[in-house]
Amino acid sequence: MNRLTSTALTGALVLAAGAAAAQEYTLGLSTSQPTSDPLTQAMLAAEERIEERTDGAVDVTVYPSSQLGEDNDVLEQIRNGAPLAVLVDAGRLAPFKSELGILSAPYLVDDYTQYEAITTSPVYEEWVDELAESSNLRLLNYNWFQGTRQAFTQKLIESPEDLQGVRMRTIDAPIWVATINAMGATAVPMAWTDVYSGLQLGSIDAAEAQLTGAEGINLQEVTTNVAFTNHIQLFTGLVVSEEWFQGLPEDIRTIVDEELDAAGVEATENTVAALDAVQGRMEEAGVSFNEVDLAPFREATLGVYEEVGLTDAREALQPYLPGGSE
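Parameters and conventions
- Starting afresh in each chain, residues are numbered from 1 along the sequence in its written order.
- Predicted model: local features are reported for residues with pLDDT of at least 70 only, side-chain atom pairs are reported and counted for 80 or more only, and whole-chain, interface and lining totals are derived from all residues.
- The basis for the side-chain values is all heavy atoms of the structure; hydrogens and waters are excluded.
- Salt bridges, as used here, are contacts in which a Lys or Arg side-chain nitrogen is within 4 Å of a carboxyl oxygen on Asp or Glu.
- Segments assigned H or I by DSSP are reported as helices when at least four residues long, segments assigned E as strands when at least two residues long, and all are numbered from the N terminus.
- Any residue under 20% of the maximum accessible area for its type is buried, any over 50% is exposed, and the rest in between are partly exposed; the area is computed with a 1.4 Å probe on protein chains only.

Engineer: Just checking my understanding: could you explain the pattern of salt bridges for this structure?
Structural biologist: As a working rule, side chains carrying opposite charge can pair if their charged atoms are close by. Evaluation of the coordinates by the stated rule reveals 16 salt bridges. Arg92 is the salt-bridge partner of Asp71, the closest N and O atoms lying 3.8 Å from each other. A residue pair is termed long-range when its members are at least 10 positions apart, and Asp71 in helix H3 (residues 71–79) and Arg92 in the loop between strand E3 (84–88) and helix H4 (115–119) qualify at 21 residues. Neither residue differs from the other here; Asp71 and Arg92 are each classed as buried. As a salt-bridge pair, Arg138 and Glu242 come within 2.9 Å of each other at their nearest N and O atoms. With Arg138 in strand E4 (residues 137–139) and Glu242 in helix H9 (residues 242–246), this residue pair connects regions lying 104 residues apart in the sequence. Arg138 sits in the buried class, given a relative accessible area of 15%. One salt-bridge network, held together by shared partners, links Arg49, Arg53, Glu258, Glu259 and Glu266.

Engineer: Just checking my understanding: could you explain unusual backbone geometry for this structure?
Structural biologist: For residues besides glycine, phi is generally negative; the peptide bonds are generally trans as well. Although it is not a glycine, Asp55 adopts a positive phi angle of roughly 55°. Judged by its relative accessible area of 67%, Asp55 falls in the exposed class. A positive phi angle is found at Asn218, which is not glycine, with a value near 65°. Counting through the fold element by element, Asn218 comes out in the loop between helix H8 (211–216) and strand E10 (225–228). Accessibility expressed as a relative area gives 30% for Asn218, which makes it partly exposed.

Here is the structure:
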């Protein structure tokens, strides 16, 4: 090897070592939503900001459309210390901290803006810390609004009676299953990525979903009606390994926390802004939308809180719920 080649090789090794040192930490952001969804777009923006603010010390990769597996599977990887964050609703966290399941409870609030009072409360913060201590799962934030859940069906739905015998896909978590059963349908837990084919092949008759997510997997092609049941205001949050998160230097931990929180705000704003346009495109595709009297649905789901053991959790949150008082 001549001197020039040796010098070039040494320089390359130095550059490689510098690049390796610059990327000291990795973080994968996992979501079931496709790249086109406002939530995934917010993740991609956060990826750029985190890498820029940490000068490349954190290498972030976004994994849309459940590329790393179904959400519950990714949660298990995170519990084992994997450098991942998964965007999930609190119903999936209930097996580890039962009180958190109330964040996915039916008709908990009237409007998505009312969630902030809950997720800034000392009661919520205590639950989050207890989750981290007991399960190695750190819920970084819970401000990613995906939309209000509605009933996507093949027929007009106006009351709980109309859902009798309807096999409806829902999230594989106790609070979700109990809610859909209480509304009158037969709950069928199923991975989000399987919903389109399930409807197409007839293994399910309906699905409950938010508009942006439904359009992301083209439910307008396999359903004909959407009833505005408004049964759950679907917020989600990013969960990481507590061990991994506490292992970050304080400055990097702060940057990751700040930027992922900001991404949740951005995702929420973009989701709300997209709703009218999504409904318009679905109507053009032949889907009908109808309002329903919410009172019978609210009444039908009152027993869900007791069924899944959330009566005490609701009482603890009462001061922060609509109409509550200290």
